[in-house]
Amino acid sequence: LKVTGTSPSHRKDEPPVPSPPTDAMAFVKVLKNKAYFKRFQVKPRRRREGKTDYRARRKMVRQDKNKFNNKKYRMVVRFTNRKCICQIMYATIRGDMVVSQATSAELAKFGIPAGYKNYAAAYCTGLLVARRVLKKFGLDEAFKGKEEIDGAD
């Protein structure tokens, strides 16, 4: 039985701990060898960062086959610590393109002094970006909004 020397962490009244005999060690097979690492392919960067679920993204941006080469628009809403950002986007091979965007901080121009992160501010910001998109596509005359606010639909 081979006995190793005491380390500084042992107290003097404790006996030294014997090390196991070297001939009784089991053989451990190396599973990740050179062949494994040669064939290993890293995941895309946004998958490694945990930002993009590519299966869900593919399902979201896929256009129907009978609507070939048409843009599939979507509204993206993001909440920061201070405001709400709304964007109308579509996907291309080169990347996602933003058609129009609005932030709730712009609501100050319309007389809203504070509260840019609540439900009402998100609704107003979505309405603002929708009006901008309609104007950009020349449909703002076809789809009129409420002229006077009376609280009824």
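Residues numbered from 1 in each chain as written. Predicted model: local features only at pLDDT ≥ 70, side-chain atom pairs only at ≥ 80, totals over all residues. Heavy atoms only, no water.

Things to note about the sheet that holds strand S3 (residues 96-103)
The strand order across the open sheet formed by 3 strands is S1-S2-S3, and the pairing between neighbours is antiparallel. Strands at the two margins of the open sheet, each flanked by one partner only, are strand S1 (74-79) and S3. On average, each strand axis in the sheet is inclined to that of its neighbour by 25°, with strand direction left out of account. Taken together, the 6 bridges between S1 and strand S2 (residues 84-91) define a ladder with antiparallel strand orientation. Bridged to Phe79 within S2 is Cys84. Seen against the sheet, helix H3 (residues 54-61) touches S1, S2 and S3 and runs at an angle of roughly 135° to S1. Here helix H4 (residues 119-136) sits on the sheet in contact with S1, S2 and S3, set at roughly 125° to S3. (Pairing = 2+ DSSP bridges. Helix = DSSP H or I, 4+ residues; strand = E, 2+ residues; numbered from the N terminus. Axes fitted to C-alpha atoms, helices over the stretch in contact; angles between N-to-C directions. Contact = heavy atoms within 4.5 Å.)

Remarks on the pattern of salt bridges
Evaluation of the coordinates by the stated rule reveals 8 salt bridges. A single salt-bridge network, built from bridges that share partners, covers Arg45, Glu49 and Lys51. (Salt bridge = Lys/Arg side-chain N within 4 Å of Asp/Glu carboxyl O.)

What about unusual backbone geometry?
Trans peptide bonds make up most of the peptide bonds, and negative phi angles are found at most residues other than glycine. Positive phi, normally seen in glycine, also occurs at Asn69, with a value near 65°. Under the relative-accessibility criterion, Asn69 is labelled exposed at 70%. (Buried < 20%, exposed > 50% of the residue type's maximum accessible area, 1.4 Å probe, protein only.)

Section: the nonpolar core
The biggest cluster of nonpolar side chains holds 10 residues, and these are Cys84, Cys86, Ile88, Tyr90, Val99, Ala102, Ala122, Leu128, Val129 and Val133. Secondary-structure elements contributing two or more residues to this core are S2, S3 and H4. (Core = buried A, V, L, I, M, F, W, Y, C linked by side-chain atoms within 4.5 Å.)

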